[in-house]
Amino acid sequence: MAVLALSNIVKTSLGPQGLDKMLVDDIGDVTITNDGATILKQLEVTHPAARVLVELSQIQDREVGDGTTSVVLLAAELLKRGNELIKNGIHATNVMAGYRLALKESIKFIQSTMSVKTDSLGREALVNAAKTSMSSKLLNAESDFFSDMVVNAMTNVKTINATGQAKYPVKAVHILKTHGMSSRDSVLVDGYAIEATRSAQGMPSSIDKAKIAFVDFNLNKYRLAMGVQVLCHDAEALYQIRTAEMDVCKKRCQMLIDAGANVVLCARGIDDFALKYFVEAGVIAIRRVPKSDLRRMANCSGGKVVVSLADLGEENEESYDVSSLGECERVFEKRVGDWEYMFFEGMKATRAQTIVIRGANEFFLDEVERSLHDSLCVIKRVLESNSIVAGGGSVEVALSVYLDDYARTLGSREQLAIAEFSESLLCIPKILSLNAAKDATELIAKLRVYHSAAQRSDGNANDEKKKALKYSGLDLINGKVRNNLANGVIEPSMSKVKSLKFATEAAITILRIDDSIKLAPPPQEQQ
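Quick caveat, the model's predicted, so the values are computed rather than measured. Chains are numbered independently. Their residues run from 1 in the order of the written sequence. Selection of residues for local features in this predicted model requires a pLDDT of at least 70, selection of side-chain atom pairs for listing and counting requires 80 or more, and totals for whole chains, interfaces and linings are taken over all residues. The basis for every side-chain value is the complete set of heavy atoms in the structure, and neither hydrogens nor water enter the calculation.

Enquirer: Please explain empty space enclosed by the protein as it appears in this structure.
Expert: Gaps between atoms show up when a probe of the same size as a water molecule is rolled over them. Points on a 1 Å grid over protein atoms alone make up a cavity when a 1.4 Å probe fits among them but cannot get out, and a pocket when they form an open set with protein on both sides within 12 Å along at least five of seven lines; lining residues each have an atom within 4 Å of a point. Grid points are joined across faces, edges and corners, and a volume is the space filled by probe spheres set on the points. Here the structure, examined in full by the defined rule, presents one cavity of 30 Å³ or more. What lines the largest cavity is simply S70, L74, V395, E396, L399, L425, K496, S499 and L500. Each residue is assigned to one of three groups, with Ala, Val, Leu, Ile, Met, Phe, Trp, Tyr, Cys and Pro labelled nonpolar, Asp, Glu, Lys and Arg labelled charged, and all others, Gly among them, labelled polar. Classifying every residue of the lining of the largest cavity by side-chain character gives five nonpolar, two polar and two charged.

This is the structure:
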C-alpha cells in the first residue's frame, strides 16, 4: 500500500505534459519540481518498503541522471502485479524467477533490436536526446536554446583516460544561478567561474598566464594553540611575540609569492594585513572559496590543494612545492547581474565549462539547474555508451509485445509472471497518455498493433516499412502514434536498461520479504 501511495504521488509528473509538485518543508522552504528523485528525497518516508523505492530513484539519479519517475512507477506496478499472483496461489519464488527471466530477455531484446548506434546520427542525436530529457521539465519552451548549450558544454569537457576511452565528467560543468533577466540570457562560459571577488580593491582585476595556489589553511595572524600560556616580564618581550606572530603569516604569504603564484585561492580566512603583501606583489587573493570548488578547480588546472606548509624533511621547515600550482590562461573578475564572479579560462588539465543561468526567481533557477543536470547526464550517457532508443513509450510497448509472445513459449509457472511483467511495462505509456489528457486505451492498442507488425516482419522488401514501425511511440501533443526516432524523441539505451534492472531488483527485494518483525521500543521506567 505504501509503495502504491508513493507511486501515485509521482504519477502525474511523468512525461512532457506532466505537472509539477510544490513541496513545503517544516521550516517553510518551498521547492517546485517534477523531478521524481527530488520529490521523493524531500518526502519523509517512514515505511521500510517505500523507502526502498526512494533509494531506487536516488540510484537511478546517480547512475543515469534521468528516468527517475518512470523507475519508481515501474517498480510499483511490478510489485502490485507480483502481489496479485502470490495472492492467487503462485509461489513467490516462481514470480521472482519469472521476473528475472523477463528482465534478461528484455535487456537482450533492447540491445539487439531496439537500440541504434549514435555514430550514424551525429550531433543531431545529442541535441534531440537533450530536448527529450528537457521536454518534461520547465525548460520545454526553451529546449532548442538550452539543448544546444548543454551539448556544447558536454562535448567541450571530453577527456581521454589512461585506457584510451573518452570520458565526459559531468562535474567539469559548473552551474551558477543568478537572478535577473530571462532564461534565454543564460550563457555558456568556456572556463570555471566561482561566486567570489578579489579580497581587496588594490588587486588587479585580471591576470593572464595565471599560476594558481590552492590553500586550505588560515592566512591569519599566527596564534598559539589553546591552553598555551606565555608569561612575559616586560612589555618589550610581549611586543616581540606579537611581531613574531605577524611574521609567521608574512613568511607564509611570501612563500606563496616566491613560488610564482599570482592567484591565491584560500578556503579559509585571510587577514587584512596579509592582503597587503598580496596587493604589493600584484597577486589576486580570494578568501572563503567553497572546498568543493577548490578541489574541482585544482583537478581542472593540474594543481593540488595544500592543507599545510609543514615539510616533513630533516629541518622541519615550512615550504611550498611549486608542483602544487595549477595553471590557466586567464583569470578575471566580471559582474553578472547583482554579483561579482571570478572567471578562470583555459584550464591546463581539462577544459572546464560553466553555465550561468539567469531567471526570475529562486524556484525557477533551482528547477532549471535540476533540468540541466539531468540533460548533462543524459548526453554523457549517449556519448559514452554510443547507443540510443526511441522514446515516448516505444521501448515499453515493444518489450510488452515481445515478452507476451515469449511467455507463451514457456510451459512452466514462470509464464504467468512474465505475462504480468509485460503488462506492467504498459503502465509507462498509459500514464504518459493519461497525463496528456488523451485516450490511453486507444493509443496503446494502436501502438501494440504497430509493434507486433514490426516484430512479425520476415525481412522482405515491403517489410522495410514494417521494420520502421518498431520505433513507433506516442506523440502526446497531437494524441497520435508516430515514428519517434525520425521525430527526434530519443533516450540513451543505457537509461532504459538500467531502469528496468533497478525496478526489477527493487520489486524482487520487496517480494522476497514474507514477514516483517518490528522491535518494540524498550519500556520507559516510571520515575
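That covers the picture; the talk isn't over yet.
Enquirer: Sorry if this is basic, but what is going on with the sheet that holds strand β7 (residues 187-190) here?
Expert: Read across the sheet, three strands follow the order β6-β15-β7 without closing on themselves; strand pairing throughout is mixed. Looking at the sheet topology across the chains shown, the edges are occupied by β6 (173-179) and β7. The average undirected angle you get between the axes of adjacent strands in this sheet is 25°. Only heavy atoms enter the contact rule, under which two residues are in contact if any of them lie within 4.5 Å. An axis is simply a line fitted to the C-alpha atoms; with a helix, the fit covers only the stretch in contact. Between two such axes, the angle follows the N-to-C directions and lies from 0 to 180 degrees. Only runs of H or I of at least four residues qualify as helices and only runs of E of at least two qualify as strands under DSSP, and these elements are numbered from the N terminus. Packed onto the sheet, helix α11 (residues 362-385) meets β6 and β15 (353-359) and runs at close to 165° relative to β6. Strand pairing is assigned whenever DSSP detects at least two bridges linking the two strands.

Enquirer: It is not clear to me how the state of the cysteines should be interpreted in this structure. Could you clarify?
Expert: The bond known as a disulfide is covalent and runs between the sulfur atoms of two cysteines. Cysteine sulfurs are considered disulfide-paired once they come within 2.5 Å of each other. Considering all chains together, one arrives at zero disulfides under this definition. Of the cysteine sulfurs around C249, a residue in no disulfide, the closest is that of C253, at 4.2 Å. We call a residue buried when its accessible area falls under 20% of the maximum for its residue type, exposed when it is over 50%, and partly exposed in between, using a 1.4 Å probe and counting protein chains only. Its relative accessible area of 1% is what places C249 among the buried residues. Free cysteine C377: the closest other cysteine sulfur is in C300, separated by 16 Å.

Enquirer: Just checking my understanding: could you explain the layout of surface pockets for this structure?
Expert: Space inside the largest pocket adds up to approximately 850 Å³. Lining the largest pocket are 46 residues, with P16, T132, S135, S136 and V489 positioned closest to its centre. For the lining of the largest pocket, the elements supplying multiple residues, two or more each, are α4 (68-87), α6 (123-134), α7 (143-156), α11, α14 (427-435), β17 (472-475), β19 (490-492) and α17 (493-511). In terms of residues, the lining of the largest pocket owes the most to one element, α6, which gives five residues.

Enquirer: Any chance you could explain helix α13 (residues 414-425) here in plain terms?
Expert: Structurally, the α-helix is built with 3.6 residues per turn, so residues lying three or four positions apart point the same way. To estimate how far a helix should reach, multiply one less than its number of residues by 1.5 Å. Taking 1.5 Å per residue, 12 residues should reach 16 Å; α13 reaches 17 Å between its end C-alpha atoms and fits that length. Along α13, the positions that sit buried rather than exposed are E414, A417, I418, F421, S422, S424 and L425. Summarising the axial view, the buried residues of α13 lie within an arc of 155°, below the 170-degree limit, and thus occupy one face. For α13, the elements touching its buried residues are α4, α5 (92-114), α12 (394-407), α14 and α17. What the arc covers is the set of directions going from the helix axis to the C-beta atoms.

Enquirer: It is not clear to me how the nonpolar core should be interpreted in this structure. Could you clarify?
Expert: Generally speaking, a soluble globular protein has its nonpolar side chains buried in company with each other. Of all hydrophobic cores here, the largest spans 66 residues; its most connected members are Y99, F421 and L500. The contact partners of F421, leaving out residues within four places of it in the chain, are L78, Y99, A102, L103, S106, L403, L500 and T504. Buried Ala, Val, Leu, Ile, Met, Phe, Trp, Tyr and Cys residues form a nonpolar core when they are joined through side-chain atoms within 4.5 Å.

Enquirer: Would you explain helix α9 (residues 272-281) in this entry?
Expert: Within α9, burial applies to F273, A274, L275, Y277 and F278. One or two steps after α9, the chain reaches G282, where phi turns positive at roughly 70°.

Enquirer: Even after reading the chapter, I still don't get unusual backbone geometry, so can you show me in this structure?
Expert: The backbone phi angle of K209 is positive, close to 50°, even though this residue is not glycine. Within the element layout of this structure, K209 appears in strand β9 (residues 206-215). Classification of K209 by relative accessible area gives exposed; the value is 66%.

Enquirer: Before we go on, may I ask you to explain the packing of aromatic side chains in this structure?
Expert: One pair of aromatic rings is described through two measures. These are the centre distance and the angle between the planes. Stacked, tilted and edge-to-face are the three classes applied to pairs of Phe, Tyr and Trp rings, where Trp contributes its six-membered ring and a pair requires centres within 6.5 Å; stacked means planes under 30 degrees apart, edge-to-face means over 60, and tilted covers the rest. Tallied over the full model, the rule gives seven aromatic pairs. For the pair F273 and Y277, a centre-to-centre distance of 6.3 Å together with 90° between the ring planes defines the contact as edge-to-face. Of this pair, F273 and Y277 are both found in helix α9, four residues apart, which corresponds to roughly one turn of the helix. Accessibility expressed as a relative area gives 16% for Y277, which makes it buried. Here the aromatic cluster, defined as three or more aromatic residues joined through ring pairs, consists of F109, Y402 and Y406. The ring of F332 carries the charged tip of R330 above its face, separated from the ring centre by 4.2 Å. We note K334 situated over the ring of F343; from NZ or CZ to the ring centre the distance is 5.7 Å. For a lysine, the NZ atom is tested; for an arginine, the CZ atom; a charge sits over a ring if that atom is within 6 Å of the ring centre and within 35 degrees of the ring normal.

Enquirer: I tried to follow the pattern of salt bridges on my own but got confused; where do I start?
Expert: Once the charged atoms of two side chains with opposite charge are near each other, the side chains can pair. Throughout this description, the term salt bridge denotes a Lys or Arg side-chain nitrogen within 4 Å of a carboxyl oxygen of Asp or Glu. Enumeration over the complete set of coordinates arrives at 29 salt bridges. Two residues, E63 and K498, come together in a salt bridge whose shortest N-O distance is 2.9 Å. With a gap of 435 residues between them, E63 in helix α3 (residues 48-63) and K498 in helix α17 connect regions that are remote in the sequence. Since its relative accessible area comes to 21%, K498 is described here as partly exposed. For K137, the salt bridge is made with D374, and the minimal N-O distance between the two is 3.4 Å. With K137 in the loop between α6 and α7 and D374 in helix α11, this residue pair connects regions lying 237 residues apart in the sequence. K137 gets classed as buried once you look at its relative accessible area, which sits at 9%. Salt bridges linked by common partners bring D404, D405, R408, E423, R448 and R456 together as one network.

It is worth stressing that arrangement in space is one thing and function is another; only the former is reported here.
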